[in-house]
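Structural overview
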Amino acid sequence: MADTRAALSAVKAPSLPMPDREFQFSSSDFERVRELIYKHAGISLSPIKQDMVYSRLARRLRARGDRTFAEYLDRAQREPEEWETFVNSLTTNLTSFFREAHHFDILAERLKAHGGRSPFRIWCSAASTGEEPYSLAITACEAFNTLTPPVQIVATDIDTNVLATAQKGVYGVERVERMSRERMQRFFLKGTGTQEGYARIRPELQRLIEFKRINLLDKVWAVQGPFDAMFCRNVMIYFDKPTQHGILKRFVPLLKQDGLLFAGHSESFLHAADLFRSLGRTVYERTDGRAR
């Protein structure tokens, strides 16, 4: 715990009186939350997130009948199911179909060059509610012009709630309406009756994806390489640099020497140049990979 405290002690949360709050939430309560989520999920919570943490966890105090944050955090550490809910509550899941579209264009080119000689394997390490892995599946179907492309997608996330949504593959039409009519007709089933206003991913696409829970801080990951492509987008921004480097180091043997690693638009792995080199546009390859 000493290392954790050192990593977080540089910036302390201000102790501000909040008389209108239902529960007392002291700076020490917030520091305890920061330490727990950093130690177990690698997430570095900024001091400015104090209000966000309060609002999300106050719901759990109400639901469990706890009177103080200390009482609730003791419960979360004691009860595995509540610990899972605690982590889920503090995980941010912003996503959309074909977010950062240029990555899918690059992937499509690589898929076509691959030629389907063997299954093209992709690990989506922040699946969230499923938009990203389903975008990968759609890209593969279009690249090979079939609903059964030679592609295997492993989609993982730390949050079990969003994974459950992803596995269902059902979305409000407002989540998919930005896609072309052709994509909507080819890859989605439009809801009718009580399901009007919703669209479901075609089962052929769901069969291309294996969903599972993985915490990137776990000592063992339930995935096996090598992968032709790995998507780890908008995840590293929640980790400090040493944690990022440790995760990237574990990525190296899981990615083929000529494989691609995709990062988020605001992420840079320049501090891990010993592991990955940039190809531009937040796409990386192994530093020891074969020269193109």
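What this report covers is the structure whose coordinates are included nearby. (Residues numbered from 1 in each chain as written. Predicted model: local features only at pLDDT ≥ 70, side-chain atom pairs only at ≥ 80, totals over all residues. Heavy atoms only, no water.)

A full pass over the atoms with the stated rule returns 18 aromatic pairs. Here the aromatic rings of phenylalanine 231 and phenylalanine 262 are separated by 4.2 Å at their centres, their planes lie at 20 degrees, and the arrangement is stacked. Taken together, the residues phenylalanine 231 in strand β7 (residues 227–231) and phenylalanine 262 in strand β8 (residues 255–262) connect sequence positions 31 residues apart. On the accessibility criterion, phenylalanine 231 (1% relative accessible area) is buried. Over the ring of tyrosine 54 we find arginine 21, and its NZ or CZ is 4.4 Å from the ring centre. Directly above the ring of tryptophan 221 sits arginine 250, whose terminal nitrogen or CZ lies 3.8 Å from the centroid. (Phe/Tyr/Trp six-rings, centres within 6.5 Å; stacked < 30°, edge-to-face > 60°. Helix = DSSP H or I, 4+ residues; strand = E, 2+ residues; numbered from the N terminus. Buried < 20%, exposed > 50% of the residue type's maximum accessible area, 1.4 Å probe, protein only. Lys NZ or Arg CZ within 6 Å of the ring centre and 35° of its normal.)

Here we take up the side chain of arginine 34. Assignment of secondary structure puts arginine 34 in helix α2 (residues 27–41). Residue arginine 34 is classed as buried on the basis of its relative accessible area, which comes to 4%. Within the structure, the side chain of arginine 34 is placed 3.1 Å from the side chain of glutamate 31, a separation counted as a polar contact. (Polar contact = N/O pair within 3.5 Å; in protein donor to acceptor, adjacent residues only side chain to side chain.)

As a further point, take the layout of surface pockets. Space inside the second largest pocket adds up to approximately 170 Å³. What lines the second largest pocket is simply Thr95, Ser96, Phe97, Phe98, Glu131, Glu174, Arg175, Arg178 and Met179. When the residues that make up the lining of the second largest pocket are grouped by side-chain class, the tally is 3 nonpolar, 2 polar and 4 charged. (1 Å grid on protein atoms, 1.4 Å probe; cavity = no way out; pocket = protein on both sides within 12 Å on 5 of 7 lines; lining within 4 Å. Points joined across faces, edges and corners; volume = space filled by probe spheres on them. Nonpolar A, V, L, I, M, F, W, Y, C, P; charged D, E, K, R; others polar.)

Restricting attention to buried positions, one finds in helix α4 (residues 69–78) the residues Phe69, Tyr72, Leu73, Arg75 and Ala76. Buried positions in α4, seen along its axis, are confined to an arc of 155 degrees and lie on one side of it. Packing partners of the buried residues in α4 comprise α2, α3 (50–64) and α5 (80–89). (Arc of directions from axis to C-beta. Contact = heavy atoms within 4.5 Å.)

Another aspect to go through is the packing of α3 against α4. The geometry of α3 relative to α4 is characterised by a closest axis approach of 10 Å and an angle of 80 degrees between their N-to-C directions. Comparing the axis directions of α3 and α4 gives the class roughly perpendicular. Residues Tyr54, Leu57, Ala58, Arg60, Leu61 and Arg64 of α3 form the contact with α4, whose own contacting residues are Phe69, Tyr72 and Arg75. Among the residues forming the contact of α3 with α4, the class breakdown is 6 nonpolar, no polar and 3 charged. (Axes fitted to C-alpha atoms, helices over the stretch in contact; angles between N-to-C directions. Parallel < 35°, antiparallel > 145°, perpendicular 65-115°, else oblique.)

With that settled, the discussion passes to the sheet that holds strand β4 (residues 188–190). Taken in spatial order, the 3 strands line up as β3-β5-β4 in an open sheet, and their pairing is antiparallel. The open sheet terminates on both sides in strands that have one partner only, identified here as β3 (170–172) and β4. Neighbour-to-neighbour, the strand axes of this sheet turn through a mean angle of 30 degrees, independent of strand direction. Of the strand pairs in this sheet, β4 and strand β5 (residues 198–201) are connected by 3 bridges, and their pairing is antiparallel. When the bridges of β5 are listed, leucine 189 appears paired with arginine 200. (Pairing = 2+ DSSP bridges.)

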